[in-house]
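Listed below, chain by chain, are the residues.
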Amino acid sequence: MSPDHENLEQELRASLRRTAAPPGFAEKVLARAGAPLAFPKPVAGPKPERLRPRQDTILPHSRRAFTLALAAGIAVMAIIPAVVVENRRREEARGLKAKRDLLTALAITRDQLQQAREKVRRTTRNIQ
Amino acid sequence: MEIDFAGIVAENQSMVFSLALRFLRNREVAEELAQDVFLQCYRQIDRIEDAAHASSWLRRAICHRSIDELRKRRLRPAIGLDDIPEPAATGAVQDPMLRDRLRGMVGALPEKARMVVVLRYQEDLSPTEIAEVLEMPVSTVKSHLHRSLTLLRGRLEKRGFAKVERGGELPVTEVCL
């Protein structure tokens, strides 16, 4: 390399040497990134390895939802027969009460008819 | 192990900003692009192994982003703020006009050649390293350097800046890399 050529390269090095970044450059970058000053380096590994924890965090949610749905189903299945049985019991009780009321009404009607018949018989006897 | 992103920014901000500035010759665009590259780095921080890896990642990213940006914005090499002489003039250069003219001429080189020259003389990278950064053959890098130096020398001579401090005229000779 000739001295003259060296000289041109020297001039280029001096001309193109690094310039300081504008004032506040680093602060702006950190503010835009919202970056902490330092954070832990994750353990190196293939991408699928990194995806696994995400799947793990999703699966328990599904399991939890499934368990809740199952519990709700069981509860509904247990409640429905109880409600049906209770309704039937109430219907029966209503029927029995109606039957009793009817018998009472018939008894009263029978007594009143007997009293009326007795009254007619007495009246007929007095007329004779 | 901890990655200190603030440390990465502090350590590389000058390099990233300067590469964008020398290539784009527009201070505002260079700053914006440099910030974007650091943000991109932050988003991919889990892929960064250490400080040295961060530096090479940032260098590569800013080079490619700058080339893309130039194509996108169609920035023309023009006289801008960067043409105003900088105050910190230490080192071998004694002619500030020559230095400014050289910077302007580098900024007027074709994009690939310009990036090769900036990486060679700002970052002091070898042709092999430049080839890795720009993903091109080493022979292409050497060819860009040779042609660029020849072109620069010719333009300097044409504009009357050929005389340098030692009184020697810059010859158009083959570049030995």
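Heads up: these notes are all about the structure in this document. Within every chain, residues take consecutive numbers counted from 1 along the sequence as written. Here chains are named by letter from A upward and ligands by number from 1 upward, in the order in which they appear as written. It should be noted that, the model being predicted, local features are given only for residues of pLDDT at least 70 and side-chain atom pairs only at 80 or more, the latter also being counted only at that level, while totals for whole chains, interfaces and linings use all residues. Side-chain numbers come from the whole structure's heavy atoms, not from hydrogens or water.

### Describing the overall build of chain B
In step 1: Strands here are runs of E lasting at least two residues and helices are runs of H or I lasting at least four, both read from the DSSP assignment and numbered beginning at the N terminus. Within chain B one finds 7 helices and 1 strand.
In step 2: Ordered by position from the N terminus, the helices and strands of chain B form the series β-α-α-α-α-α-α-α.
In step 3: Only protein chains enter the accessibility calculation, which uses a 1.4 Å probe; a residue is then buried when its area is under 20% of its type maximum, exposed when over 50%, and partly exposed in between. Burial status across chain B gives 50% buried among its 177 residues.
In step 4: Residues count as neighbours in contact if any of their non-hydrogen atoms are within 4.5 Å of one another. Nonlocal contacts in chain B, meaning residues at least 24 apart in sequence, comprise 66% of its contacts between residues at least 6 apart.
In step 5: In this description, accessible areas are obtained by the Shrake-Rupley approach with a 1.4 Å probe, and a residue is regarded as covered only by the protein chains that are shown. Surface summary for chain B: the accessible area is close to 8,400 Å², and the carbon and sulfur share equals 50%.

### A closer look at the overall build of chain A
In step 1: Check the secondary structure of chain A and you find 3 helices and 1 strand.
In step 2: Starting at the N terminus and walking to the C terminus, you meet the elements of chain A as α-α-β-α.
In step 3: Looking at chain A as a whole, 16% of its 128 residues are labelled buried.
In step 4: Accessible area for chain A stands at about 10,300 Å²; split by element, carbon and sulfur atoms hold 63% of it.

### As for unusual backbone geometry
Peptide bonds are, in most cases, trans, and in most cases residues other than glycine have a negative phi.
Residues and elements named next belong to chain B.
In step 1: For Arg-25, which is not glycine, the phi dihedral falls at a positive 55°.
In step 2: In this fold, Arg-25 is placed in the loop between helix H1 (5–24) and helix H2 (27–43).
In step 3: Its identity is not glycine, yet Glu-135 carries a phi of approximately 55°, on the positive side.
In step 4: Along the polypeptide, Glu-135 turns up in the loop between helix H6 (127–134) and helix H7 (138–158).
In step 5: Relative accessible area serves as the criterion here: at 56%, Glu-135 is assigned to the exposed category.

### Notes on the environment of Met-105 of chain B
Residue and element names in this part refer to chain B.
In step 1: Considering the arrangement of structural elements, one finds Met-105 in helix H4 (residues 96–107).
In step 2: Taking the C-alpha atoms as reference points, Met-105 and Arg-153, separated by 48 residues in sequence, lie 10.0 Å from one another.
In step 3: Other than its neighbours up to four places away in sequence, Met-105 contacts Leu-152, Arg-155, Leu-156 and Arg-159.

### Thoughts on the pattern of salt bridges
In step 1: For this document, the term salt bridge refers to a Lys or Arg side-chain nitrogen within 4 Å of an Asp or Glu carboxyl oxygen. This model, assessed by the stated rule, comprises 17 salt bridges over all chains.
In step 2: For Arg-13 of chain A, the salt bridge goes to Asp-124 of chain B, with nearest N and O atoms at 3.3 Å. One end of the pair, Arg-13 of chain A, is in helix H1 (residues 3–15); the other, Asp-124 of chain B, is in the loop between helix H5 (111–121) and H6, on a second chain.
In step 3: On the basis of relative accessibility, which here comes to 49%, the residue Asp-124 of chain B falls in the partly exposed class.
In step 4: We note a salt bridge from Glu-31 of chain B to Lys-28 of chain A, for which the minimum N-O separation is 2.9 Å. In this pair, Glu-31 of chain B is assigned in helix H2 and Lys-28 of chain A in helix H2 (residues 25–33), connecting two distinct chains.

### Digging into a nonpolar patch on the surface
In step 1: Note on patches: the residues involved have over 30% relative accessible area and no salt bridge, like charges join within 9 Å, and the nonpolar side chains Val, Leu, Ile, Met, Phe, Trp and Tyr join within 5 Å. There is a patch of nonpolar side chains on the surface, built from Phe-66, Leu-70 and Ile-74 of chain A and spanning about 340 Å² of accessible area.
In step 2: Note on placement: Leu-70 of chain A falls in helix H3 (residues 47–127).

### What about H1 of chain B?
An α-helical turn contains 3.6 residues, so any two residues separated by three or four positions project in the same direction.
Residues and elements named next belong to chain B.
In step 1: Bending is quantified residue by residue as the angle between axes fitted to the seven-residue window ending at that residue and the seven-residue window starting at it. Along H1, the sharpest change in direction is near 55° and occurs at Asn-12.
In step 2: Judged by how many residues are buried, H1 sits mostly within the fold: 16 of 20 residues are covered.
In step 3: Where H1 begins, the capping side chain belongs to Asp-4, and its oxygen is found 3.3 Å from the backbone nitrogen of Ala-6.
In step 4: Arg-25 occupies a position one or two residues after H1 and carries a positive phi of about 55°. Here a polar contact is recorded for every N or O atom pair within 3.5 Å, except that within protein the pair must consist of a potential hydrogen donor and a potential acceptor, and residues adjacent in sequence are included only if both atoms are side-chain atoms.

### Considerations on the packing of H1 of chain B against H5 of chain B
Residue and element names in this part refer to chain B.
In step 1: As a rule, the C-alpha atoms of each element are fitted with a line to give its axis, helices using only the stretch in contact, and angles between N-to-C directions run from 0 to 180 degrees. As a packed pair, H1 and H5 sit with axes 10 Å apart at the nearest point and diverge in direction by 140°. On the basis of the axis angle, H1 is oblique to H5. Where H1 crosses over H5, the handedness of that crossing is right-handed. The segment H1 lies against H5, with Leu-19, Arg-22 and Phe-23 engaging Glu-111, Arg-114, Met-115, Val-118 and Leu-119.
In step 2: When residues are sorted by character, Ala, Val, Leu, Ile, Met, Phe, Trp, Tyr, Cys and Pro go into the nonpolar class, Asp, Glu, Lys and Arg into the charged class, and all the rest, Gly among them, into the polar class. The residue makeup of the contact of H1 with H5, split by class, is 5 nonpolar, no polar and 3 charged. Roughly parallel means an angle under 35 degrees; roughly antiparallel means over 145; roughly perpendicular covers 65 to 115; every other angle is labelled oblique. Helix crossings get a hand from a simple test, with the near helix turned counterclockwise from the far one by less than a right angle marking a left-handed crossing and a clockwise turn marking a right-handed one.

### Focus on the nonpolar core
In step 1: Residues belong to one nonpolar core when they are buried, are Ala, Val, Leu, Ile, Met, Phe, Trp, Tyr or Cys, and are joined through side-chain atoms within 4.5 Å. Ranked by internal contacts, the top residues of the largest apolar core, which has 63 residues, are Leu-12 of chain A together with Phe-5, Phe-38, Leu-58, Val-106, Leu-119 and Leu-134 of chain B.
In step 2: Among the elements that take part in this core, H1 of chain B stands out by supplying 12 residues, more than any other.
In step 3: Domain assignment of the residues forming this core places at least three in each of domain 1 (5–73) and domain 2 (96–158) of chain B.
In step 4: The residues contacting Leu-12 of chain A, other than those within four sequence positions of it, are Leu-102, Val-106, Tyr-121, Leu-149 and Leu-152 of chain B. Here the bounds of each domain stem from an automatic or database domain assignment.

### A look at H6 of chain B
All names here are of chain B.
In step 1: Every buried residue belonging to H6 is among Pro-127, Ile-130, Ala-131, Val-133 and Leu-134, and all of these are buried. The buried side chains of H6 occupy one side of the element, clustering within an arc of 165° when seen end-on.
In step 2: Where H6 is buried, its residues meet helix H3 (51–73), H5 and H7. The directions considered for the arc run from the helix axis to the C-beta atoms.

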